Amino acid sequence: MAAATSSTDRPGALEITRRLTEICGPPFARFAGAADEVAGRTARWVAVPGGPHAAAEVLRLAAAHGLTVVPRGAGTKIDWGAAPEQVDIMLDTGRLAGVWHQPQGSALAEVGAGTPLRAVQAALERTGRRLPVDAPSPGATLGGVLAADEAGPLRHRHGTPCAQLVGVRYLDAEGELVSLGEAGTELLGRAAPSGGGPRHPGPRHPGTTHAAGTPAGGTCRGGTCPGGTHAGGTDSGTAHLGAAALFGGGELPGLDVARLLCGSQGGLGVLVSATLRVQAVPASRIWVSRPVWTPLEVHDLVRAVLGAGLDPAAVELDLPVPVPLPRRRVSPFHPSVVGRPDHPALTGRSSRPAAAGSLVVLLEGGPAHVAERTDRLVEVLGDEAVASHSAPEWWGRYPFAPGDTALRIEVPINDLHAAVYALRDAAGGPVPVRGSAGVGTVHAALPGSLPPERVASILAAVREVLLARQGRCVVVAAPGPVRRTVDLWGEVPALSRLRAAKAHLDPDHRLAPGRLPGGL
């Protein structure tokens, strides 16, 4: 990569600022401030392009000056993962927003990457439809959700957001607008550079079209295209490459290339829009909750629920750290306890300890069908099960807060209880755990006050247990000292393929360098 700027005060910095202002407009280009950082690394400029063409021009400017670019949506996950080596231009996608293409009656919708997910759902709801995507980050944009492949409770039935993806438009490191899969709208076409609009030469990727200055007859670098499939049921914050080799001698469909962008944190391309499947809003939704006491009990209940053929939309677990309840002082002469010295009111014990947490199952569908399945589910979960028309307060929220060390555990569902026990043993006590017990993906929180060496020892112990169970433990977010000290990713089996994808799609390491595993 060409030598990048070391300071916005260097010669040429004002020229770069002037060009960014020309591209984005005076209110939308500026020197970065203290709040414009990525995992603790402060940017130098912030650019907010008004459309795909302007975003492409920003990337071309960066390429011409050897500058790095990191995309930002709403910034809800900007501190997740590793800090980039350098952030020259923070490309804010806030103006790449809107439901751009939603044909009447279609099961697809094309949405700008900078559109808040809540706004997408509100727009679709007016037509009785929704995206089966419920990422927990409040205010997250669709592009940010896809860049982290961030999934919520609905992942149980519908998979991660990547599973709903049927096409994307993205900008590569050179500023070329690439269409993959079922993308392509007249509106977006008009946003391409003047002088003929989008061009469709011999595609460099199978199943793709290129716009914004693609040279005619362009071919893939090296003669082949990277591919792979996303590992369903996870949201690891990295590009999941599947069993197919990236450069195995054959070309893979363009959608497989598109799925490399899922979880890539902007390190392989800048998302402009995504085309996703939509579905009818369920007529009825019922949450059935049941208190739980131990991870082993959760294991048995989840197996029973999944074996009952109830087709749940979500199976969520919440195991908070127990808070001791204040003891109620009762006189030993009170009529209810006279002659009963072992009564819990006197000893402080209860006949059964307070529940450690909750297991909640969501059922969706037609009212009659949901009612019938609810009755069956209550029978499966037992007398303590309670049905409700509203979700519990913790539903779709992470167990960690800013400043915590946030972990994600992915493990086969039959081994989830072993992973939780291992985490407790390593931490020396209960740890808040919450997530999708039905697919074996949960999040946990360690106090931000733990020293990095202690966090590293906990990770090592948990990963040793998970290794034999084909599981993983990833540090999602952490305080700076922890992030700089511990191994955030653990073992990454597909690292060689990820390295090949980075070399193919961003050979000069201009896009979010260092954000991906292996320092890519």
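Thresholds, definitions, all that
Residues numbered from 1 in each chain as written. Predicted model: local features only at pLDDT ≥ 70, side-chain atom pairs only at ≥ 80, totals over all residues. Heavy atoms only, no water. Phe/Tyr/Trp six-rings, centres within 6.5 Å; stacked < 30°, edge-to-face > 60°. Helix = DSSP H or I, 4+ residues; strand = E, 2+ residues; numbered from the N terminus. Buried < 20%, exposed > 50% of the residue type's maximum accessible area, 1.4 Å probe, protein only. Core = buried A, V, L, I, M, F, W, Y, C linked by side-chain atoms within 4.5 Å. Contact = heavy atoms within 4.5 Å. Pairing = 2+ DSSP bridges. pLDDT = per-residue confidence, 0-100. Salt bridge = Lys/Arg side-chain N within 4 Å of Asp/Glu carboxyl O.

*Asks:* Would you explain the packing of aromatic side chains in this entry?
*Replies:* Two measures describe an aromatic ring pair: the distance that separates the ring centres and the angle between the ring planes. The tally for this structure, following the rule as stated, stands at five aromatic pairs. For the ring pair W80 and Y398, a centre distance of 5.7 Å and an interplane angle of 70° mean the geometry is edge-to-face. With W80 in the loop between β5 (69-72) and β6 (89-92) and Y398 in the loop between β18 (386-388) and β19 (405-410), the pair connects residues that are 318 residues apart, well separated along the chain. An angle of 15° between the planes, with centres 4.8 Å apart, marks the rings of Y398 and F400 as stacked. Of the residues examined, Y398 reaches a relative accessible area of 16% and is grouped as buried.

*Asks:* What exactly am I supposed to notice about the nonpolar core here?
*Replies:* For soluble globular proteins, nonpolar side chains are generally found buried alongside one another. By size, the foremost hydrophobic cluster in this structure holds 48 residues, and its most contacted members are L359, L377, L407, I409 and L423. Apart from the residues within four sequence positions on either side, L377 is in contact with V288, V305, L310, V361 and L363.

*Asks:* What exactly am I supposed to notice about the pairing of strand β13 (residues 270-277) here?
*Replies:* A regular strand places its side chains on the two faces of the sheet in alternate fashion. Burial within β13 is extensive, with seven of its eight residues counted as buried. For strand β8 (residues 108-112) and β13, the ladder comprises five bridges, and the chain directions are antiparallel. When the bridges of β13 are listed, A109 appears paired with L276. Relative to β13, strand β10 (residues 165-171) runs antiparallel, the two being bridged by six bridges. Its bridge partner being in β13, R169 is matched across the sheet by S273.

*Asks:* For this particular structure, what's the right way to read the side chain of T93?
*Replies:* Checked against the element boundaries, T93 lands in the loop between β6 and β7 (99-101). A relative accessible area of 5% means that T93 is categorised as buried. The residues contacting T93, other than those within four sequence positions of it, are R72, G73, A113 and G114.

*Asks:* Where do I start with the confidence of the model for the protein chain in this structure?
*Replies:* It should be kept in mind that the predicted coordinates are not to be read in detail where pLDDT is low. Confidence along the protein chain averages 81 in pLDDT terms, with 76% of residues attaining 70 or more. Note on residues 1-7: pLDDT under 50 across the span, and 20 contacts to partners over four residues away in sequence or across chains. Under a pLDDT of 50 for its full length, residues 184-253 has, in the predicted model, 180 contacts with residues more than four places off or in other chains.

*Asks:* Before we go on, may I ask you to explain the pattern of salt bridges in this structure?
*Replies:* For side chains of opposite charge, pairing can occur when their charged atoms come near one another. Under the counting rule described, the total for this entry stands at 21 salt bridges. Of the charged contacts, one joins D36 and R30 as a salt bridge, the two residues approaching to 2.7 Å between their closest N and O atoms. R30 gets classed as partly exposed once you look at its relative accessible area, which sits at 37%. In this structure, the salt-bridge partner of R408 is E410, at a minimum N-O distance of 3.0 Å. Relative accessible area serves as the criterion here: at 1%, R408 is assigned to the buried category. In this structure E410 comes out as buried when scored by relative accessible area, which is 7%. Through salt bridges with shared partners, one network takes in E15, R18, R19 and E22.

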